[in-house]
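Spelled out from the first residue to the last, the chains are:
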Amino acid sequence: MSLESLSSFLSYFWEVRFHVAELAVQHVLLSLMGVIVGTITALPLGIFATRYPKIGNYAVDITGMLYTVPSLAILGFMLPFLGLGWLPTIMALIIYSWMPVLRNTCAGILSVDSAVKEAAMGMGATPAQVLFRVELPLAFPVIMAGVRTVAVLTIGVATMGALAGAGGLGELVFTGISMMDTNRTLVGAIPVTIMALLADQLMGLIENRAKSRMGIRG
Amino acid sequence: MENTVIDVEFQNVSKYYGKEKVVDEVNFRINRGEIFVLIGPSGCGKTTTLKMINQLVPHSSGQIFVRGKNVTELDPVELRRSIGYVIQHIGLLPHLTIRDNVNFVLQLQRVPQKKQRERANELIKMIGLPDSYLDRYPHEISGGEQQRVGVARALAADPEILLMDEPFGAVDPLTREQLQNELLRLQKTIKKTMVFVTHDMQEAFKVGNRIGIMRRGQLVTMGTAMDIVNAKDDFVRAFIGREAVFSALDTIPVFQAIIRDCPVIHEGDAIDPADPRFKDWENVFVINQNGHCLGYVSLTDFKAHEKVTTEKLREITSPCLPSDSLKKAIGEMLWGKRAWLPVVTKEGNFEGIVSFQSCVSILALDD
Ligand SMILES: Nc1ncnc2c1ncn2[C@@H]1O[C@H](COP(=O)(O)OP(=O)(O)OP(=O)(O)O)[C@@H](O)[C@H]1O
Ligand SMILES: [Mg+2]
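The structure displayed is predicted, hence computed values, not measured ones.

Basis of the calculations
- Residues numbered from 1 in each chain as written.
- Chains lettered and ligands numbered in written order.
- Predicted model: local features only at pLDDT ≥ 70, side-chain atom pairs only at ≥ 80, totals over all residues.
- Heavy atoms only, no water.
- Helix = DSSP H or I, 4+ residues; strand = E, 2+ residues; numbered from the N terminus.
- Buried < 20%, exposed > 50% of the residue type's maximum accessible area, 1.4 Å probe, protein only.
- Contact = heavy atoms within 4.5 Å.
- Areas by Shrake-Rupley, 256 points an atom, 1.4 Å probe, with all protein chains shown as cover.
- Buried area = accessible area lost by both parts, 1.4 Å probe.
- Salt bridge = Lys/Arg side-chain N within 4 Å of Asp/Glu carboxyl O.
- Polar contact = N/O pair within 3.5 Å; in protein donor to acceptor, adjacent residues only side chain to side chain.
- Nonpolar A, V, L, I, M, F, W, Y, C, P; charged D, E, K, R; others polar.
- Donors = N, O, S within 2.8 Å, 3.2 Å for Na, K, Ca; no water.
- Axes fitted to C-alpha atoms, helices over the stretch in contact; angles between N-to-C directions.
- Parallel < 35°, antiparallel > 145°, perpendicular 65-115°, else oblique.

Participant: Sorry if this is basic, but what is going on with the overall build of chain A here?
Facilitator: Counting secondary structure elements, chain A contains nine helices and zero strands. Ordered by position from the N terminus, the helices and strands of chain A form the series α-α-α-α-α-α-α-α-α. Each principal axis of the C-alpha atoms in chain A carries an extent, and together these give about 70 × 40 × 25 Å. For chain A, with 218 residues in total, the buried portion stands at 46%. Put simply, 75% of the contacts in chain A that link residues at least 6 apart link residues at least 24 apart. Of the accessible surface of chain A, which amounts to about 11,200 Å², a share of 72% is contributed by carbon and sulfur atoms.

Put into structure tokens, the structure is as follows:
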């Protein structure tokens, strides 16, 4: 990138900065909704899957299949049912969240040392207490790693939301592409990348904190 | 023993895993305040037996009573909360500090914070670790320290019964001995009913009031250290081994081996070396009216019927108490190059003597 094009990009960015900020907020909200609702739905499913592994395996398989469907296709499937706007977009994001959170929740809970669970039970912990005081806290770093994957992925996939009219930074990216306006594309794409990196770092920090407390090298 | 309360009782208890019978018609009664040791080769069903007491493993047949109540009629959570449990693999919660680990049971029962804090401080003192350890995480302390914390955690709610599954399994022999001593010291004050699993015979002799030996799911022999070393069963004899007998000596008290019929005369009496009472004896003990021993005389010093004078009276040295261990007595004999030791009570009453022979003979009652 030459100095000239850099200054043209910066001046363009300055021109549309409020618009970018507005779209960025939309983008964050879309992503957050996706991650939060996705995690909230997948976590109990994951716990359930550890208790009933036969049914659980089906759930893991199905969400795994959904995970491999291209994002554009998922959006396309959703449009006839949910119409345009943020709803199909969030729905797509939720579907993408399921597999990593579900798989990591299962793996995390199943990896808890059986001696530790037995100790808790032997001390008179109820099944709920074993879950909330032992299994979930110990599985936390692994579950967190799943959520972290999902967060990074979601911020990227949320860009597609623009195609369904959900707004977000994808609007700049796609209009930029169709108008062959590189500055416009970049002004949308760069904040997406930064957001993804930040989310990754932040959640990595939380994950490692929890790990190091338990004496696992992060 | 009079008025003994039975805290744990097994009546024909068996456990099947599928078709395999891993615990086979086991019967025992454990008295309040007693340390009952379960020992046997790996896989013989010790842990399973222990876990049936707090119903972590439900039994297949027979009946189990804890403090007189049939365990199947109790709420398992309540049952477990009333019994301390030290598991075979320590099982400290790695995400919690030592304080929270120790207080885990109290937290489950929602005991007020203030009480928890006090209890944690008490317990850490009890197991001999510094207060500052309370804020550490399990991976920041040594294996032996973790095992102590495991014991402290089981004691937190002050249960009457304590189940300990190889509580000192993961430490070097020296630390292990230290932990055993600490446990015995602790037991003097807390007086819990303990079921203690180990596969170390020396440990069994050291900590156990009674010992049960298991083999392939069956309880083969049960009894005191004395009973165990006198067992005739070939498996039991082979299992105990030669070295562990020394540890048994540690728990057998001198009074079991006292020779009480040694000749005694009263102060001021005359002595007749030809007295048939003195046949086979070299020494005669002199006691006063209160039963206190003044010393002894050697029969070779007396030619004929003659009065005992102070010149001829020999002082008794290093007497032992009836409650001393045989190990201590034998050690003293070896150390002092003596064939026997006088046994004198705390009050100074003469009880008899203990000799190498008397020690050996009680360990071979039936032969
Ligand atoms: N959950 C289980 N399912 C099937 N078999 C089991 C189970 N738990 C234990 N067993 C079997 O029961 C037998 C007794 O096991 P247990 O754990 O009581 O032995 P142990 O005497 O404590 O041995 P160790 O000294 O090695 O701890 C073993 O043969 C073991 O394989
Ligand atoms: Mg065991």
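And the narrative resumes.
Participant: It is not clear to me how unusual backbone geometry should be interpreted in this structure. Could you clarify?
Facilitator: With the exception of glycine, most residues fall at negative phi, and the peptide bonds are largely trans. Residue and element names in this part refer to chain B. Not every positive phi belongs to a glycine, and Ile 90 is a case in point at roughly 65°. Located in the positive-phi region is Arg 216, a residue other than glycine, with phi close to 45°. Its location among the elements puts Arg 216 in the loop between strand E9 (210-215) and strand E10 (218-223). On the basis of relative accessibility, which here comes to 66%, the residue Arg 216 falls in the exposed class.

Participant: I keep staring at the interface of chain A and chain B and nothing clicks. Help me out?
Facilitator: When the parts come together, some accessible area is lost, and that loss is often what is quoted as the size of the interface. Between chain A and chain B, the residue contacts involve 20 residues of the former and 23 residues of the latter. When the buried surface of chain A facing chain B is broken down by residue, Met 123, Arg 133 and Arg 213 of chain A rank first, second and third, together holding 34% of it. Between Lys 51 of chain B and Glu 118 of chain A there is a salt bridge whose closest N-O contact spans 3.0 Å. The interface formed by chain A and chain B holds five residue pairs in polar contact (both at pLDDT 80 or more) in total. Elements with a minimum of two residues in the side of chain A that touches chain B: helix H6 (114-122), helix H7 (127-157) and helix H9 (182-213) of chain A. Its residues assigned to classes, the side of chain A that touches chain B comprises eleven nonpolar, six polar and three charged.

Participant: Help me understand the coordination of the magnesium ion (ligand 2) in this model?
Facilitator: Ideal values for angles at a metal depend on the geometry: 109.5 degrees with four tetrahedral donors, 90 or 180 degrees with six octahedral donors. Surrounding the magnesium ion (ligand 2) are the protein donor atoms Thr 47 of chain B (OG1) and Gln 88 of chain B (OE1), which sit 1.9 to 2.5 Å from the metal. Here Thr 47 of chain B, found in helix H1 (residues 46-53), pairs with Gln 88 of chain B, found in the loop between strand E6 (83-86) and helix H3 (98-102); they are 41 residues apart in sequence, far enough to count as distant.

Participant: Got a minute to help me understand the packing of helix H10 (residues 234-251) of chain B against helix H11 (residues 326-336) of chain B in this structure?
Facilitator: For any two helices packed against each other, the geometry is given by the interaxial angle and the distance between the axes. All names here are of chain B. For the pair H10 and H11, interaxial distance at closest approach is 5 Å and the crossing angle is 105°. By the criterion of interaxial angle, the relationship of H10 to H11 is roughly perpendicular. Of the residues in H11, those touching H10 at Phe 246, Leu 249 and Asp 250 are Leu 326, Lys 327 and Ile 330. Of the residues belonging to the contact of H10 with H11, the class tally is four nonpolar, no polar and two charged.

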